[in-house]
Amino acid sequence: MKRLIIWALVAMVTALPAQAQNYKRSRYYNPASGRLDYRGGRPANGYWRPYSADIYTGMRIGAAFSTVTSDDKYLNGSGVKSGLNVGLATGFAVGWHAPLYFETGLYYTEKGGKGKAGDTKFTYNLDYLEVPLVLKYMVDIDRGLSLQPFLGGYLACGVGGKVKDFGQREAYSSFSNSPYSFRRFDGGVKMGCGLQYDMLYLDLTYDLGLSNVSDDDFDDCRNSALMLNVGINF
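Cut-offs applied
- Residues numbered from 1 in each chain as written.
- Predicted model: local features only at pLDDT ≥ 70, side-chain atom pairs only at ≥ 80, totals over all residues.
- Heavy atoms only, no water.
- Helix = DSSP H or I, 4+ residues; strand = E, 2+ residues; numbered from the N terminus.
- Buried < 20%, exposed > 50% of the residue type's maximum accessible area, 1.4 Å probe, protein only.
- Contact = heavy atoms within 4.5 Å.
- Areas by Shrake-Rupley, 256 points an atom, 1.4 Å probe, with all protein chains shown as cover.
- Phe/Tyr/Trp six-rings, centres within 6.5 Å; stacked < 30°, edge-to-face > 60°.
- 1 Å grid on protein atoms, 1.4 Å probe; cavity = no way out; pocket = protein on both sides within 12 Å on 5 of 7 lines; lining within 4 Å.
- Points joined across faces, edges and corners; volume = space filled by probe spheres on them.
- Nonpolar A, V, L, I, M, F, W, Y, C, P; charged D, E, K, R; others polar.

Draft legend 1. Expanded view of the overall build of the protein. Along the protein, the regular secondary structure elements total 1 helix and 13 strands. Listing every helix and strand of the protein by position from the N terminus yields α-β-β-β-β-β-β-β-β-β-β-β-β-β. Relative to its full complement of 234 residues, the protein shows a buried share of 47%. Taking the contacts inside the protein whose residues are at least 6 apart along the sequence as the reference set, 63% of them involve residues at least 24 apart. In the structure as shown, the protein presents an accessible area of about 11900 Å², 60% of it carried by carbon and sulfur atoms.

Draft legend 2. Looking closely at the packing of aromatic side chains. Taken as a whole and assessed by the stated rule, the structure comprises 4 aromatic pairs. An angle of 80° between the planes, with centres 4.9 Å apart, marks the rings of Tyr 124 and Phe 182 as edge-to-face. With a gap of 58 residues between them, Tyr 124 in strand β6 (residues 120-137) and Phe 182 in the loop between β10 (170-173) and β11 (185-197) connect regions that are remote in the sequence. In this structure, Tyr 124 and Phe 182 share a single accessibility class: buried. Members of the aromatic cluster, connected to one another through ring pairs, are Phe 122, Tyr 124 and Phe 182.

Draft legend 3. Quick peek at empty space enclosed by the protein. Counted under the stated rule, the structure contains 3 cavities of 30 Å³ or more. In this structure, the largest cavity occupies an estimated 150 Å³ of space. Forming the walls of the largest cavity are 16 residues, and the residues nearest its centre are Tyr 107, Pro 132, Lys 190, Asp 203 and Thr 205. Every element with two or more residues in the lining of the largest cavity is listed here: β5 (100-117), β6, β12 (200-209) and β13 (221-233). With 4 residues, β6 is the largest single contributor of residues to the lining of the largest cavity. In the lining of the largest cavity, the residues fall into 6 nonpolar, 4 polar and 6 charged.

Rendered as structure tokens:
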């Protein structure tokens, strides 16, 4: 799985410069100005609409800095763990009065955390397939430059990972019956802000987990993650 993701990362990074130079293929391209325009046109009736299409797609890749907080100090993984975040996004216009979009997609996100129980260190590696469900508003700053704040939620399903107990020198599957197992399904609030220039895209995203992911009914564990992504929009 990780080898496939690494190759996907290489392919995306290689494609970025070429796609940025061909921004005339973008759905935002306005032939009248020769630039990308995110606000679109405003016809005589006052309703907003895009110049060419009200759907966009994009590729994203970046780093996730995550923790797993718990009410049990022996399970608390509040130390920051870094991981990979990569995926595809698509957005749909949801109104005619303003450039408001509903954005979703599919991401592979490596979350988790680090902690210490007594003299024993442990690391949670929790790998998820995640679906964002957010509303995004595109604010034109200048020609070809757009600020894009967003707010909504996410749903996630655990697909892999290991819990490492450095005291016992053992590793356990994160989502199976083990002393440190977690529930596969997670959900919470997603918020952040994107910045786009022509087809190039950058965003800072925060996931606040609302679901208890601990497999023990007597304990409470929740994910949180700060993600920095780069990508392109078509």
